[in-house]
Amino acid sequence: MASQYADAFARVFASRNGVVLFAQSKGATSEALRRTAVERGASSVAVAGIPEGVRGAVAEGLEGIEVIDVGSLRGAEAKEAVARADLSVTWAAHGVAKEGALMEATWDDATKLASCLPMTNVALVSEGSFLPDFHAAMRAAGKIVAESPGPKPTISFIAGPSRTADIESRLLYGVHGPHSVVALVLGWA
Amino acid sequence: MTDRKGLADKVRRALATEGLSDKMWASTSRARGNRAKAIEELGIDVRGMKESVRGLKQEALGDPELPRKFAARVEENGGHVFFAKDGAQAIDYVAELAKRRGADVLVKSKSLTSEEIDFDHALEARGVRCIETDLGELIVQMAHERPVHLVMPAAHKSVADVASIVSHGLKREVPQDPDAILKEVRAYLRPMFLSAKVGVTGGNAGVAETGTVVIETNEGNGRLVSAAPDVHVVLIGAEKIVRTWEDAAEVVSAAAISATGQPMTVYVSAFTARSPLGGEGAGRELHVIILDNGRSKMKSDPRYSEALDCIRCGACMNICPTYSVVGGHTFGHIYPGPISIPWTANVHGIDNAAYSELCIACGLCKEACPADIDMPMMIAEVKQQLVDLNGQPRVNRFFAGSETLARLASATAPLSNWSLRPRAARVLMEKAFGVDRRRTLPAFSRKRLRSRLRGMDAGDGSAGKVVYFPDVSADYNDPELGVKAVGVLAALGYKVEVPKLRWSGMPYLSYGEVRKAARVAEYNVRALEGYVRDGYEVVSTEPTAAYMLKDSYLTLVPGEGSSLVAAHSHPFFEFVEPGLGKLALTATRGPGVELGFHIPCHDRALTVGGPAVRFLRAAGYGVKVIETGTCCGMGGTFGMKAGALGFDLSNAVGERLFDLFRGSRCGLAATESSVCAAQIHDGTGLEAVHPLHLVDVSRR
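Residues numbered from 1 in each chain as written. Chains lettered and ligands numbered in written order. Predicted model: local features only at pLDDT ≥ 70, side-chain atom pairs only at ≥ 80, totals over all residues.

A.B. asks: For this particular structure, what's the right way to read the overall build of chain A?
C.D. replies: From N to C terminus, chain A includes six helices and eleven strands. Overall size of chain A, expressed as C-alpha extent along the three principal axes, is 45 × 40 × 35 Å. Summarising the internal contacts of chain A: among those between residues at least 6 apart in sequence, 74% fall at separations of at least 24. (Helix = DSSP H or I, 4+ residues; strand = E, 2+ residues; numbered from the N terminus. Contact = placed C-beta atoms within 7 Å.)

Here it is in structure tokens:
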């Protein structure tokens, strides 16, 4: 049973051409990832910024597919490896209900590039992390930045796939960033 | 010296360019529609949003230390800050940085501030190529043009145009298919993002409390530009710095809603420090350039300081009627649209702001602005500066003196009316004064309103006391309207006075005679203040007059008097609506006549036509509100002026409304504004009248 915020998020995110999946267990998470990777024909997947407790489910879901562990790569090598990936799996610190957005906090630009470069980005988000709206999320973001003791993170809100309306106002997706963004809402993490 | 002929030629060319007006109109009307839909669906309190954005901007701009506080935080987090006095300093800084880092190519996401200082060309001249990565910006860069709109830079280009431009730019054939164009652009830019050593972004907000820069994009190019290269340069106007994250949230969400009707843009990114890449931080740099370029001067000038509240959403250009048919290459200098006028005058020089004549003073830009910037008043000030410098063109002098002309024409009526009818007289008038021969001119009444009212029942005062403000039309042209208005007020039990007043003075603002407008306002406020203190309410049937009394006079003659008058002034139908139950309303046309109703621009800030429509419906009419979402194009007397800087441009705007009227099959048009009625009549052939002329009113 999804929370009220997660439900609201799902409605808005889907209306912005995002895809929302719910997973209530580790197994369901692995299965959703596996299915998504297969459906998108992904042969290499960049994985970045996934918290410890979720890594197992991710690894299991991507079994048999080339996985690029972005955190293990150094410097420009990380950037180039991410650019080669067909799909990425990243972590969102919060979901934003009213505006249908994901909030990502990254301390390394290779992690940020993982949600920018591949054609498909699967962002995992805990169902318990949802905030009511953008204003609340910005307050939370400001707090993360202010209270971060060492290097300050970059905060990115992502409200669907990359889009443009610069040609005769026609809505087109995937101009620079992902053509498809899948929010995988985890009820168990 | 203002080159009016050059401006007229530009307008003529824009109107004659096949498809330009249609593309601009389609883009702006879609943006208007999306904004309206978002406001409704998200339940946005527009007034609250305006107050909030305006409040936080004013607070930020009122703190002279804020840019320093912001800079200190950026530096604490390892970033570099450079305060650039002008564009040249900013460009020098970037050119030196590029040289130091061995970068001969930069990638850049959309930055309006960079447009302001002609960043790309200036760097190109220093041997550094700047690649625009926003699709619209890339299209105009490849076409060697300027953006036509702040948010939709290539709104004037068709798919075929874009395919041709991109084919030429990439030196390979690109099909006339948006998806195919997109794939080509993605393939072209991807290696640029990955190989560039320096990336440049703008900043929608700088957050002083943490030294954070917030940017909004839909395409995601801003994220790539800021993450992939080792060096990230932010070019941000000093006015973009706000105090807190909450303030930044307010700014970016107001911008997204107002620009495109999105609850938020697809990407909102906030950078506080340069992050390492793959664990390596060496050589990763963040440079924040805080640009002044005339902003300090604007801040200290009370006429223009509000322009710094602009959040660059483009809503003012989406609603601007004349911009929407000629586009930003004609209605603009480097920045396009209404807000560009004060910016251009201050940042690029007053001589470059002569296109301010294309503003027809409809006031809609202020209505659409999420920061409630009083653009109409600032534009009037720019026009006044131009008049002071170059003198007033004869045609504008003629129309700015409409009150005197009306007095003269009324005193000599009906001779004045007859003398203006023959074609030869109109040709002469066009040549001598610039009054377009094609425009139907209003007839003048020999007997003015106060004479007409002599001996008439002026009400018993049982409901209260009212001053009726006729303005020019109900005094000199159509006093019968004033008689009907007074009759309705008297029937409701109001004691009505029509004291000696001057006109509202709006044409003075339209033609850049702000000081004269202030004198008129002062006269009227002084005349009305005593009545208001004596318990009178002020009522006008002319929406422009009500708007002046309630809004413009507050700026023209600030003080207790104008505040008092504004608080007690009312549009006619809004004022009488609560008492309509006491009256018998009988439609004078019909039965079964359906009216096409037009909302005058100045009433959009007041009643949005609601009470007038309900009045007509209560009298038994079927009423269809017919609107394009912007002005009819008449702009007071603008549409009476000859040629491209008048009638032609006015008609190009009006055509969109005329088409709707023609398609509505309404047999009659109703509108509260005398000049809108003239425009609709001339454009459609329909009889167009004030609602009061369509209803007989008596006490039940």
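A.B. asks: It is not clear to me how the overall build of chain B should be interpreted in this structure. Could you clarify?
C.D. replies: Scanning chain B from terminus to terminus reveals 34 helices and 20 strands. The C-alpha atoms of chain B give 27 Å as radius of gyration, which agrees with the globular expectation for 700 residues (27 Å, within 12%). Overall size of chain B, expressed as C-alpha extent along the three principal axes, is 90 × 50 × 50 Å. Looking at the 700 residues of chain B, the share that counts as buried comes to 59%. (Rg over C-alpha atoms; globule rule 2.2 N^0.38 Å. Buried ≥ 20, exposed ≤ 12 C-beta atoms within 10 Å, placed from the backbone.)

A.B. asks: Please clarify how the sheet that holds strand 7 (residues 231-237) of chain B should be interpreted in this entry.
C.D. replies: Working definition: the strands of a sheet are paired by backbone hydrogen bonds and lie parallel or antiparallel to each other. All names here are of chain B. Strand order in the open sheet formed by six strands is 1-10-7-4-2-3, with parallel pairing between adjacent strands. Both outer strands of the open sheet, strand 1 (80-84) and strand 3 (129-132), are each paired with one neighbouring strand and no more. Neighbour-to-neighbour, the strand axes of this sheet turn through a mean angle of 25 degrees, independent of strand direction. Pairing of strand 4 (residues 198-201) with strand 7 involves four bridges; the strand directions are parallel. Looking at strand 7, one finds that Thr-201 is bridged to Val-234. (Pairing = 2+ DSSP bridges. Axes fitted to C-alpha atoms, helices over the stretch in contact; angles between N-to-C directions.)

A.B. asks: What's the story with the interface of chain A and chain B in this structure? I'm lost.
C.D. replies: Accessible area lost upon the coming together of the parts is a frequently used measure of interface size. Contacts between chain A and chain B engage 48 residues on the former and 52 residues on the latter. Sorting the residues of the side of chain A that touches chain B by element identifies helix 4 (75-84), strand 6 (101-106), helix 5 (109-114), helix 6 (134-147), strand 8 (154-158), strand 9 (163-167) and strand 10 (170-173) of chain A as the ones contributing at least two each. The element best represented in the side of chain A that touches chain B is helix 6 of chain A, accounting for eight residues. For the side of chain A that touches chain B, the class distribution of residues is 22 nonpolar, twelve polar and 14 charged. Both strand 8 of chain A and strand 9 (residues 267-271) of chain B contribute to a ladder of four bridges, which runs antiparallel. In the strand pairing of strand 9 of chain B, Ile-155 of chain A is matched with Ala-270 of chain B. (Nonpolar A, V, L, I, M, F, W, Y, C, P; charged D, E, K, R; others polar.)

A.B. asks: Teacher, can you tell me more about the domain arrangement of chain B here?
C.D. replies: All names here are of chain B. If you check the domain split of chain B, you get domain 1 (4-26 + 302-394), domain 2 (58-291) and domain 3 (583-699). Between the C-alpha centres of domain 1 and domain 2 the distance comes to 25 Å. Counting residues at the interface gives 20 residues for domain 1 and 19 residues for domain 2. Of all elements in the fold, only helix 2 (20-41) and helix 14 (315-319) reach the threshold of two or more residues within the side of domain 1 that touches domain 2. Ranked by residues supplied to the side of domain 1 that touches domain 2, first place goes to helix 2 with three residues. Among the residues forming the side of domain 1 that touches domain 2, the class breakdown is twelve nonpolar, six polar and two charged. (Domains from an automatic or database assignment.)

A.B. asks: Is there a simple way to think about the sheet that holds strand 5 (residues 205-207) of chain B in this case?
C.D. replies: Across the sheet, which stays open at both edges, the seven strands sit in the order 5(A)-6(A)-8(A)-9(B)-6(B)-5(B)-8(B) with mixed pairing between neighbours. Looking at which strands have only one partner, the edges of the open sheet turn out to be strand 5 (94-96) of chain A together with strand 8 (241-242) of chain B.

A.B. asks: Help me understand the environment of Gly-639 of chain B in this model?
C.D. replies: All names here are of chain B. Note on placement: Gly-639 falls in the loop between strand 17 (622-625) and helix 33 (647-664). When the 26 C-beta atoms within 10 Å are taken as the criterion, Gly-639 is described as buried. Sequence separation between Gly-639 and Gly-328 is 311 residues, and the spatial gap between their C-alpha atoms is 21 Å. Not counting the four nearest positions on each side in its chain, Gly-639 is found in contact with Arg-439, Gly-633, Met-634, Gly-646, Phe-647, Ser-650 and Gln-679.

A.B. asks: Can you walk me through the packing of helix 27 (residues 514-533) of chain B against helix 29 (residues 560-567) of chain B in this structure?
C.D. replies: Axis angle and axis distance: for two packed helices, these are the angle between their axes and the distance between the axes, and together they describe the pair. Residue and element names in this part refer to chain B. Remark: helix 27 packs on helix 29, axes separated minimally by 9 Å, with the N-to-C direction vectors making an angle of 65 degrees. When you trace helix 27 past helix 29, the crossing you get is left-handed. Listed contacts from helix 29 to Val-525, Arg-526, Leu-528, Glu-529 and Val-532 of helix 27 are Gly-561, Ser-562, Leu-564 and Val-565. Taken together, the residues of the contact of helix 27 with helix 29 sort by class into five nonpolar, two polar and two charged. (Left-handed = near helix turned anticlockwise from the far one by under 90°.)

A.B. asks: Would you explain the packing of helix 2 of chain B against helix 12 (residues 245-260) of chain B in this entry?
C.D. replies: Residue and element names in this part refer to chain B. Where helix 2 meets helix 12, the closest approach of the two axes is 6 Å, and the angle between their N-to-C directions is 130 degrees. Taken together, helix 2 and helix 12 sit at an angle that is classed as oblique. Residues Ala-31, Asn-34, Arg-35, Ala-38 and Ile-39 of helix 2 pack against Ile-257, Ser-258 and Thr-260 of helix 12. When the residues that make up the contact of helix 2 with helix 12 are grouped by side-chain class, the tally is four nonpolar, three polar and one charged. (Parallel < 35°, antiparallel > 145°, perpendicular 65-115°, else oblique.)

A.B. asks: How should the pairing of strand 4 (residues 87-92) of chain A be read in this particular structure?
C.D. replies: Within a regular strand, side chains alternate between the sheet's two faces. Residue and element names in this part refer to chain A. With respect to burial, strand 4 is a largely interior element, six of its six residues being buried. Neither face of strand 4 is open: one carries Leu-87, Val-89 and Trp-91, the other Ser-88, Thr-90 and Ala-92, and all of them are buried. In terms of strand pairing, strand 2 (residues 44-47) meets strand 4 through three bridges, oriented parallel. Bridge pairing in strand 4 links Val-47 to Val-89.

A.B. asks: Would you explain helix 9 (residues 159-170) of chain B in this entry?
C.D. replies: Along an α-helix, residues three or four positions apart point the same way, because every turn accommodates 3.6 residues. Residues and elements named next belong to chain B. A rise of 1.5 Å per residue sets the reference length of helix 9, with its twelve residues, at 16 Å; its end C-alpha atoms lie 16 Å apart and thus fit the reference within 8%. Turning to helix 9, its buried residues are Val-162, Ala-163, Ile-165 and Val-166. In a view along the axis of helix 9, the buried residues occupy a sector of 170 degrees, so they form one face of it. Away from its buried face, by an angle of more than 90 degrees, helix 9 presents the exposed residues Ala-160 and His-168. (Expected span 1.5 Å × (residues − 1). Arc of directions from axis to C-beta.)

A.B. asks: What exactly am I supposed to notice about the nonpolar core here?
C.D. replies: Most often, soluble globular proteins have nonpolar side chains that are buried together. Grouped together as the largest cluster of nonpolar side chains are 301 residues, with contacts concentrated most on Val-82 of chain A together with Leu-489 of chain B. Broken down by element, the residue count for this core peaks at ten residues, all from helix 12 of chain B. Apart from the residues lying within four places of it in its own chain, the contact partners of Val-82 of chain A are Ala-46, Ile-68, Val-70, Ala-110, Leu-113, Ala-114 and Leu-117 of chain A. (Core = buried A, V, L, I, M, F, W, Y, C linked by C-beta atoms within 7 Å.)

A.B. asks: Where do I start with unusual backbone geometry in this structure?
C.D. replies: Excluding glycine, residues mostly carry a negative phi; peptide bonds, for their part, are mostly trans. Residue and element names in this part refer to chain B. Of note, the bond from Ala-413 into Pro-414 is cis; its omega dihedral lies within 30 degrees of zero at 5 degrees. Following the sequence through the fold, Pro-414 ends up in the loop between helix 20 (402-411) and helix 21 (415-419). A positive phi angle is found at Asp-118, which is not glycine, with a value near 55 degrees. You can see Asp-118 is positioned in the loop between helix 6 (112-116) and helix 7 (119-125). Phi is positive for Val-608, close to 55 degrees, though the residue is something other than glycine.

A.B. asks: Teacher, can you tell me more about the environment of Pro-132 of chain A here?
C.D. replies: All names here are of chain A. Relative to the elements of secondary structure, Pro-132 occurs in the loop between strand 7 (120-126) and helix 6. Residue Pro-132 is classed as partly exposed on the basis of its 14 C-beta neighbours within 10 Å. For the pair formed by Pro-132 and Leu-172, sequence separation is 40 residues and the distance between their alpha carbons is 28 Å.

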